[in-house]
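Descriptive structure summary
Take a look at the letters that make up each chain.
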2 protein chains.
Amino acid sequence: MKATITDVAKKAGVSMKTVSRVLNNEPNVAEKTRAHVKAIAAELRYTPNLAARGLATSKSYLIALIYDNPSINYISHIQRGAIDACREAGYHLVVEPLYLEKVKSRAEKADAMRMVLEKLPVDGVILTPPLCDSQGVLQTLSELRIKCVRVAPRNRGQQPFVGMDDDTAAYQMTQYLLEQGHKRIGFIKGHVGHAATDMRYDGYCRAIESGGLSVSEQLVFQGDFSFESGVVQAKKLLELPVSERPTAIFASNDDMAAAVISVASQMGLDVPADLSVCGFDDTPLARNLSPALTTVRQPIYKMGFKAAQQLIDPDGDQQKIGQILDFEIMLRDTVSNLKN
Amino acid sequence: MKATITDVAKKAGVSMKTVSRVLNNEPNVAEKTRAHVKAIAAELRYTPNLAARGLATSKSYLIALIYDNPSINYISHIQRGAIDACREAGYHLVVEPLYLEKVKSRAEKADAMRMVLEKLPVDGVILTPPLCDSQGVLQTLSELRIKCVRVAPRNRGQQPFVGMDDDTAAYQMTQYLLEQGHKRIGFIKGHVGHAATDMRYDGYCRAIESGGLSVSEQLVFQGDFSFESGVVQAKKLLELPVSERPTAIFASNDDMAAAVISVASQMGLDVPADLSVCGFDDTPLARNLSPALTTVRQPIYKMGFKAAQQLIDPDGDQQKIGQILDFEIMLRDTVSNLKN
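Notes on the structure in this doc start here. (Residues numbered from 1 in each chain as written. Chains lettered and ligands numbered in written order. Predicted model: local features only at pLDDT ≥ 70, side-chain atom pairs only at ≥ 80, totals over all residues. Heavy atoms only, no water.)

Next up on the list: the interface of chain B and chain A. Chain B puts 37 residues into the contact, and the matching count from chain A is 37 residues. Both sides of the chain B and chain A interface together cover about 3500 Å² of buried area, and 54% of this is carbon and sulfur. If you sort the residues of chain B by the area they bury against chain A, B:R87, B:K119 and B:N288 come out on top, with a joint share of 18%. Counting the contacts that link chain B with chain A gives 2 salt bridges. A:E96 is the salt-bridge partner of B:R87, the closest N and O atoms lying 3.0 Å from each other. Here chain B is connected to chain A by 10 residue pairs in polar contact (both at pLDDT 80 or more). Mapped onto the side of chain B that touches chain A, the elements with two or more residues apiece are α4 (50-57), β1 (62-67), α5 (72-89), β2 (92-97), α6 (106-118), α11 (254-266) and α12 (284-288) of chain B. A total of 8 residues in the side of chain B that touches chain A trace back to one element, the largest contributor, which is α5(B). Of the residues in the side of chain B that touches chain A, the class split is 17 nonpolar, 11 polar and 9 charged. (Contact = heavy atoms within 4.5 Å. Buried area = accessible area lost by both parts, 1.4 Å probe. Salt bridge = Lys/Arg side-chain N within 4 Å of Asp/Glu carboxyl O. Polar contact = N/O pair within 3.5 Å; in protein donor to acceptor, adjacent residues only side chain to side chain. Helix = DSSP H or I, 4+ residues; strand = E, 2+ residues; numbered from the N terminus. Nonpolar A, V, L, I, M, F, W, Y, C, P; charged D, E, K, R; others polar.)

This is how it looks when you write it as structure tokens:
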């Protein structure tokens, strides 16, 4: 028979609330009482459940991850980071995808989220892009008085967020291609309206121009982060006459970069001898492609971890509004040096 | 101001417990009262939160997904299915990975799970392989009086499970290769000790033998479901003298099949002209490989959905102990017909 909080309170001769305060490290308990209660709890092998802990703190010890991003890889890593931060602090992560069509209005998104949260007592919410940029969603959370931390939002504003510098990452990757002697560098953009899409494109443009070249409209196409869109846009780029065809293509994510490699191989072009390719994200796919993909490693796991940590301990060492985390350029086998 | 359960009870002239019973579709409430309470709740736009619902039912409306399987793809689809079943029934999914080293004993696994569950009130647990085959874990859940449904367990036994027929799937895939004229069919096994590893290998052996051939030890190698292990074993198979080399390789999952394609391409072998390849799982990787991979589609999403549904409504139309779900053979571009 498992010991309950009542057993501990009775044996220690204190109230249930005092037991709960001690075991949640809350203030207002004398040190001697604290030690006594802890000893009794240990003796009875008592560990408080969520309800008992909630008695003293009005906390639920639940954090919700709410998202409408369809990328399994992205969400899995955010989730894993958030779960690790929760585990450390005795919290649990509830995962709540919203199935939203692209055409959904601000109000419809907010309503879908409200439906989920109204029945679920959470201490905070993690929002991923593009949901984290919906004013309706943020407004609703504020009405429900639920704290939130946004992951990689477009508009950083005055609410807590974690993010990375997509612009600088794309700048550095493009600069690397330039250093390898590439002058015609194609670019496939991500989904219209996503913050990352614009920031990555801006970084690409900055690098091209700082290299003394100019951005050619002929070499920039609009994808939507899907493999399928990568296939369509890669064909357009690779069907250009050889003298105009890019020697390198920078795709705004790994799925589209995989599509470029696939189209190139179907056209009999060798990567990287005939065409250099790079991506963005460093999904597991990147390592498993053949050849392995040169790409930008986003701190996705770490963004999830830091977001949960900030919700759990808003007064910890992350009391700043925003945290910008580091990225890495992963040099693998899909870029050739034209200078050799 | 949001209406509370007290508001509804007061206005309807009944107890809070009655309101809770009505809104949770519990028995022991007169039909007239039921209709009246529902009307008042609708008028006040009341939706019960978890705590209020728990008052009458002692349910937490939380289901935990507990796993130690490292495959992001597998877990994501189980999770998505489980969340969809939860959402339909007003439940929420808490995701709890256990980070277990392979050497962990039965008792250590059970303790890791106990640590998570002792503080978390859940109405049921979904266990994935290989955790679902740990007697220590099942014993602990029984001690904690927590219901569980196992996904694809090795030992089906007398506790609830959902699964698929891996053996028949591998049999059919191997038979398909035989029908295409392949006689030297290599096989790369999965992780030692996983149920799926043995069932898939058994299906392969049955098909080879029913085709009047015999299983050659030279063509069967032990992988561990990782891309890296696929690379090592594919090299062994493809470095055989041409007359002994397999014309087709059946890898026990898609990651290892991707490795076979990668090794073949590095050795200058064309897939499928020089080598046919097939996998198992139908991860997103399978469609995005070039050429697209012929593989077995597991009902992973559906297993998650059915597992959660069975926990939520154990007396529903799934009252049987076990449910075996259908698979599909996905014919794509990595198998050639030697008879043409």
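Let us look at the relation of the copies chain B and chain A. The two copies are related by a screw motion: chain B maps onto chain A through a turn of 179° and a shift of 0.1 Å along the axis, at an RMSD of 0.3 Å. The operation mapping one copy onto its partner corresponds to a two-fold rotation axis. The C-alpha atom lying nearest the rotation axis in chain B is that of B:V94; the distance is 2.1 Å. With an isologous cut-off of 70% or more, the 100% of interface residues of chain B that recur at the interface of chain A puts this contact in the isologous class. (Least-squares fit on C-alpha atoms with pLDDT ≥ 70 in both.)

Right, let's get into the sheet that holds strand β9 (residues 276-278) of chain A. All names here are of chain A. In spatial order, the strands read β7-β6-β8-β9; together these 4 strands make up an open sheet with parallel pairing. The outermost strands of the open sheet, each flanked by one partner alone, are β7 (220-222) and β9. Geometrically, the sheet is characterised by an average inter-axis angle of 15° between neighbouring strands, direction not taken into account. Here 3 bridges tie strand β6 (residues 185-189) to β7, and the two strands are oriented parallel to one another. (Pairing = 2+ DSSP bridges. Axes fitted to C-alpha atoms, helices over the stretch in contact; angles between N-to-C directions.)

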